[in-house]
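# Overview (structure and organization)
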Amino acid sequence: MRDVVVLGVGMHRFGIHRKIPMSQLVRTAGRAALDDAGIGFRDVQAAYVGYLHAPVMSAPKQMKEFGLTGIPLLHVENASATGSVAFREAWMAVSGGHHDCALAIGFDKFSDLRFDVSAQSRNIEGTILPVAFFAMWATRRMHERGTTREHLARIAAKNWNNGALNPMSDRQPDHRITVEEVLAAKTISDPLTAMMSCPVDDGAAAAIVCTREFADRVAPGRPRVVVKASVLRSETYTPGHTFLGAVIGPQQMTTDTAQAAYEASGIGPEDIDLVQCHDAFSIEELEYYELLGFCRPGEAESLLESGATEIGGRIPFSTDGGLIARGHPGGPTGLAQLWETTLQLRGEAGKRQVEGARTGLCHLVGGGSVAICTILQRE
Amino acid sequence: MSEPAPTDAAVALEEGYFHIPTAAGEPPRLIGTRCNACGEHFYPRRETCAKCLSEDTAETLLSARGTLYTHTFLVAPGFGDNQSKGDGYGVGQIDLPEGPRVQALLLGERGSFRIGMPMEMVLVPTGKDKQGRDLLMYRFRAVEG
């Protein structure tokens, strides 16, 4: 198994891009990653292409736009976790000695999806909207731990304000977002308001990984960002397991995945400088403070109240705005997290920079369900 | 609300998930699985035990009543530009005494649900099939009284 370096990252700003063709989103992200890496498409030896809602055959069709180089390529899909899983495929291919340089790219347009959201459904699974599913997490936590709506709003406001500092973020507010504004937004599903929820948007993102030798040749002297762990897991049976309609499986899945990533890398939560997590709804980030091992069960509210998870705090979360502000178009989301983490570790995150950032954790869950944790470290 | 029975007028939205009562006063029941090897129960039914992976499993009817584990009221059902013109609805997870936690839509007003409240299963019509028969689906509601 060889060490793998993140050579380049790039993305297209997330947002509602009705007039921009998918191929243009893909091209922008791909070209940005290639330019950041300082290589051409001829150097890419394999492509792992993540999307949820593009048509079948989109992997070869979109990659041909970069050049017809005959490389192996495939479609990767694990719902919300798709981008990270595509990255994991590229990492495994290089780590396992199959390729020296591989591309992971994700793209999706969620804004033009059309489906029936009413209570009447055509099949037994129904349409359980993610907002309702995670709202039930919130109801339960408020009952068990005394979590308040203000806690949920505080995380959302933090992430909106982080998004304002990220030129790639969908939501870039022009004023400071407060807890009050988040609470006053329209309630979608008790207790979650629209501002505690990620947007339904479009975008693309890409990352290029390679061997140390390849990086030494192409980018000598540049900070080395190394993949220390990439762990993907699916559900294990737990008490209270919900099979039909549950968007995401047991919370234990996130804990087990993070634990495996810490063991594989020898890096623990205490060594992590920043975290990107699956904050599709702000209740999730609150739970992930505990599930990812950054505080003990029941202490997430205290961690939040201490300011530790803000930029400038001990363990910043969602420095790029998170899913809530930066956006969540599905396929590219995981790669946007890795884009942010790579920039942070290189010291290139501008106004969002976490001082001295050396090690970053990226976490996502994907419906059905799976969880993935990736740890990057700058040497 | 009277309990519908399978007739020429009503069928299950999908077969194999719940039993439509055939006698007056009989409640609808979810169809689940019991593992003969370890005793665990599951909903929906399945061939392989999720706990011990035994293939020695059997179909079983589950209780019609359970306890509300968590809930929400979807005030504005929607996803992006897909916004429902209809009313909002409750969604909950109900713990059945045999063990399974069932996710279902809830009947009841916004604000009327409490964690721990006893809930019962009912069947409601949700659309019609090509022959014009009601398609029945389960909901849970607070046990009355």
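We now turn to the structure provided with this report. All of these numbers come straight from a predicted model, not from anything done at the bench.

Cut-offs used in this document
Residues numbered from 1 in each chain as written. Chains lettered and ligands numbered in written order. Predicted model: local features only at pLDDT ≥ 70, side-chain atom pairs only at ≥ 80, totals over all residues. Heavy atoms only, no water. Helix = DSSP H or I, 4+ residues; strand = E, 2+ residues; numbered from the N terminus. Buried < 20%, exposed > 50% of the residue type's maximum accessible area, 1.4 Å probe, protein only. Contact = heavy atoms within 4.5 Å. Areas by Shrake-Rupley, 256 points an atom, 1.4 Å probe, with all protein chains shown as cover. Lys, Arg positive; Asp, Glu negative; His and termini not counted. Charge placed at Lys NZ, Arg CZ, Asp CG, Glu CD. Expected span 1.5 Å × (residues − 1). Axes fitted to C-alpha atoms, helices over the stretch in contact; angles between N-to-C directions. Parallel < 35°, antiparallel > 145°, perpendicular 65-115°, else oblique. Left-handed = near helix turned anticlockwise from the far one by under 90°. Buried area = accessible area lost by both parts, 1.4 Å probe. Salt bridge = Lys/Arg side-chain N within 4 Å of Asp/Glu carboxyl O. Polar contact = N/O pair within 3.5 Å; in protein donor to acceptor, adjacent residues only side chain to side chain. Right-handed = clockwise from strand over helix to strand, strands pointing away. Pairing = 2+ DSSP bridges.

## Concerning the overall build of chain A
Assigned secondary structure in chain A consists of 12 helices and 11 strands. Expressed along its principal axes, the backbone C-alpha trace of chain A runs to roughly 55 × 45 × 45 Å. Per-residue burial for chain A yields a buried fraction of 63% across its 379 residues. Taking all contacts inside chain A whose residues are at least 6 apart in sequence as the whole, residues at least 24 apart take part in 77%. Entry remark: accessible area of chain A is about 13,500 Å², with carbon and sulfur atoms responsible for 49%. With 36 positive and 43 negative side-chain charges, chain A shows a separation of 5 Å between the mean positions of the two kinds.

## Comments concerning helix H4 (residues 130-145) of chain A
Residues and elements named next belong to chain A. Helix length check: H4, at 16 residues, gives a terminal C-alpha distance of 22 Å against a target of 22 Å (1.5 Å per residue), a fit within 8%. If you check which residues of H4 are buried, you get Val131, Ala132, Phe133, Phe134, Ala135, Met136, Trp137, Ala138, Thr139, Arg140 and Arg141. Just past H4, the residue glycine 146 takes up positive phi, approximately 75°.

## A short note on the packing of H4(A) against helix H9 (residues 282-291) of chain A
All names here are of chain A. Viewed as axis vectors pointing N to C, H4 and H9 meet at an angle of 60°, and their least axial separation amounts to 9 Å. Judged by the angle between their axes, H4 and H9 are oblique. The two elements H4 and H9 cross, and the hand of that crossing is left-handed. Packed against H4, whose contacting residues are Phe134, Trp137, Ala138 and Arg141, the element H9 presents Ile283, Glu284, Leu286, Glu287, Tyr288 and Glu290 at the interface.

## Regarding the interface of chain A and chain B
Taken together, the contact pairs 40 residues of chain A with 44 residues of chain B. Buried area between chain A and chain B, both sides added, is near 3,500 Å², and the carbon and sulfur share of it is 58%. Among the residues of chain A in contact with chain B, A:Ile124, A:Met136 and A:Tyr237 are the three that bury the most area, contributing 20% of the side total. Here chain A and chain B share 1 salt bridge between them. A salt bridge links B:Arg110 to A:Asp190, with the nearest nitrogen and oxygen atoms 2.8 Å apart. Linking chain A with chain B are 15 residue pairs in polar contact (both at pLDDT 80 or more). For the side of chain A that touches chain B, the secondary structure elements donating two or more residues are H4 and strand S5 (187-189) of chain A.

## A short note on the pairing of strand S2 (residues 47-50) of chain A
Residue and element names in this part refer to chain A. Across the two faces of S2 the burial is the same, with Ala47 and Val49 and Tyr48 and Gly50 all buried. Traced from S2 through helix H2 (residues 58-64) to strand S3 (residues 73-76), the parallel crossover comes out right-handed. Here S2 pairs with strand S4 (residues 101-109) via 4 bridges, running parallel. Pairing of valine 49 across the sheet is with isoleucine 105, part of S4.

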